[in-house]
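# Summary of the model geometry
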Amino acid sequence: MSLMLMGTKLGMTRVFVDGKIVPVTVLQLGPCVVTQVKTQETDGYNGVQLGFADAKIRTQTIPEMAHDAKAGTSPKLYHREFRVCEKTIGDYELGQVIAADAFEKIAFVDVTGTSKGKGFAGGMKRYGFKGQQATHGVERKHRSPGSIGGHGNNAGKAGRIKKGKHMAGHMGDHQVTVRSLPVVRIDAEQSLMLVKGPVPGCNTSLVQVRCSTRLYRSKATLAKEIAEA
Amino acid sequence: MSTQMLIESLNDEALKTDIPVMDIGDTINVHVRIVEGQKERVQVFQGVLISRKGRGMQEMLTVRRIVDNQGVERTWPIHSPMISKFEVVRRADARRAKLYFLRDRIGKSRRLRDRRRGMEHVKGHPTVRK
């Protein structure tokens, strides 16, 4: 089943599951509104576009507002879409509201967020380089990345530095996906989802949650059992 | 409802309301549920409460007892469903919040002074913290 919902990361806490403590991230999902249903005939593929969170009207253009108005909703701040197969595209209709309870009976999810920005970071923090020694005559180069390849050798690609060479630079504030996080609990009333472990991004940031694909075999069997239960 | 309140409300059901007033230094009984396959039994761990830390759902407590002249410490989340009951056996005077110094004590100096008023000072007060 392919399903994606947008939501907000609220924060972390821990809950008891079968007498054991489980660290969880609390996500408030939706309510998301279906703002467009794309079909093979009209768009060349089957997909569903969702809108989430009200936008300020003064920041919206008329075409943007009209797009959401077609679905009968107020202007939305975020729009994301996901592909669905031909069989299930009929389940979605314009203006339909989807919330966390859509994830009932789903055991594992992938969560996509924007990681926390770390600014301009050195090689040690950004790529886990070891740096240089603290003593033994090392001066002012304790956290330097070391050699980045010379003119003559192939590591430097003769006369220039290889593209993509790991060096200092901006770290964080990019899209990160954590895969196959177990769903611990779903609160349909408040549209909350509790997933095990941390999720990229700061609290209050936008996250996208989708059903896990490509699970490990042990997790896949578990997911199947829960889906059929 | 603020976000913080919302997150904390997730644990409302798990929070115990029947925890007795236990201070650091008190000797307490901890009734631990032990699940072995289908069977379940209760084991009582008696010792001195030497540490309580954290608050709300996160609160942990450490109990120290001496078994065969060997110190044994166990730490649990205070709201753990694996603990069925706490009992206060003896109340003692402690001047610190954490009694880690007991780990270095041997023999008689391991003992803590009884509260002079015994259990008197809790009389009239609710013994269960709401």
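### Quick notes on the overall build of chain B
Each helix and strand counted, chain B has one helix and five strands in total. The N-to-C order of helical and strand elements in chain B reads α-β-β-β-β-β. When the 130 residues of chain B are sorted by exposure, 35% land in the buried category. Within chain B, contacts between residues at least 6 apart in sequence are counted, and of these 56% link residues at least 24 apart. Taken as a whole, chain B presents about 8500 Å² of accessible surface, with 48% of it coming from carbon and sulfur.

### Here we look at the side chain of Ser115 of chain A
Relative to the assigned elements, Ser115 of chain A resides in the loop between strand 7 (108–114) and strand 8 (119–121). Excluding its chain neighbours within four sequence positions, the residues that come into contact with Ser115 of chain A are Gly172, Asp173, His174, Val176, Pro200 and Gly201 of chain A.

### Considerations on the interface of chain B and chain A
One frequently used descriptor of interface size is the decrease in accessible area upon assembly of the parts. On the side of chain A, 15 residues touch chain B, which itself brings 15 residues to the contact. Summing the contributions of chain B and of chain A, the shared interface buries around 1200 Å²; its carbon and sulfur component is 69%. Looking only at chain B, the three residues that lose the most surface to chain A are Leu6, Ile7 and Leu10 of chain B, adding up to 43% of its buried area. Run the count over chain B and chain A and you get zero salt bridges. Inspection of the region where chain B meets chain A yields four residue pairs in polar contact (both at pLDDT 80 or more). At three residues, the largest contribution of residues to the side of chain B that touches chain A is made by helix 1 (residues 3–9) of chain B.

### Quick notes on the packing of aromatic side chains
Residues and elements named next belong to chain A. Inspection of the entire model under this criterion finds four aromatic pairs over all chains. Ring centres 5.9 Å apart and planes at 80 degrees place the aromatic pair Phe82 and Tyr92 in the edge-to-face group. In this pair, Phe82 sits in strand 5 (residues 76–83) while Tyr92 sits in the loop between strand 5 and strand 6 (97–98), placing the two residues 10 residues apart along the sequence. Of the two residues, Phe82 and Tyr92, neither departs from the other in class, the shared state being buried. The positively charged end of Arg83 is found above the aromatic ring belonging to Tyr45, 4.2 Å away from the centroid.

### Focus: the confidence of the model for chain A
Averaged over all residues, the pLDDT of chain A equals 91, while 95% of them reach at least 70. Looking over chain A, one finds the lowest element-wise mean pLDDT in helix 4 (residues 217–228) of chain A, namely 85, and the highest in strand 8 of chain A, namely 97.

### Overview of the nonpolar core
Residue and element names in this part refer to chain A. In terms of nonpolar packing, the biggest core is built from 31 residues, with Leu50, Phe103, Val109, Met193 and Val209 touching the most fellow members. Listed by contribution, the elements that provide at least two residues to this core are strand 1 (4–17), strand 2 (20–29), strand 3 (32–38), strand 4 (47–54), strand 7, strand 10 (175–187), strand 11 (192–196) and strand 12 (206–211). For this core, the leading source of residues is strand 12, giving four residues. Each residue touching Val109, except ones within four places of it in the same chain, is listed here: Phe103, Val178, Arg179, Ser180, Leu181, Val183, Met193, Val195, Val209, Arg210, Cys211 and Ser212.

### Considering the sheet that holds strand 2 (residues 39–53) of chain B
Residue and element names in this part refer to chain B. The antiparallel open sheet is built from five strands, whose spatial order is 4-3-2-1-5. Looking at the sheet topology across the chains shown, the edges are occupied by strand 4 (70–77) and strand 5 (83–90). The sheet shows a mean angle of 40 degrees between the axes of neighbouring strands, direction not considered. Relative to strand 2, strand 1 (residues 27–36) runs antiparallel, the two sharing 10 bridges. Within the sheet, the bridge partner assigned to Glu36 lies in strand 2 and is Lys39.

Criteria and thresholds
- Residues numbered from 1 in each chain as written.
- Chains lettered and ligands numbered in written order.
- Predicted model: local features only at pLDDT ≥ 70, side-chain atom pairs only at ≥ 80, totals over all residues.
- Heavy atoms only, no water.
- Helix = DSSP H or I, 4+ residues; strand = E, 2+ residues; numbered from the N terminus.
- Buried < 20%, exposed > 50% of the residue type's maximum accessible area, 1.4 Å probe, protein only.
- Contact = heavy atoms within 4.5 Å.
- Areas by Shrake-Rupley, 256 points an atom, 1.4 Å probe, with all protein chains shown as cover.
- Buried area = accessible area lost by both parts, 1.4 Å probe.
- Salt bridge = Lys/Arg side-chain N within 4 Å of Asp/Glu carboxyl O.
- Polar contact = N/O pair within 3.5 Å; in protein donor to acceptor, adjacent residues only side chain to side chain.
- Phe/Tyr/Trp six-rings, centres within 6.5 Å; stacked < 30°, edge-to-face > 60°.
- Lys NZ or Arg CZ within 6 Å of the ring centre and 35° of its normal.
- pLDDT = per-residue confidence, 0-100.
- Core = buried A, V, L, I, M, F, W, Y, C linked by side-chain atoms within 4.5 Å.
- Pairing = 2+ DSSP bridges.
- Axes fitted to C-alpha atoms, helices over the stretch in contact; angles between N-to-C directions.

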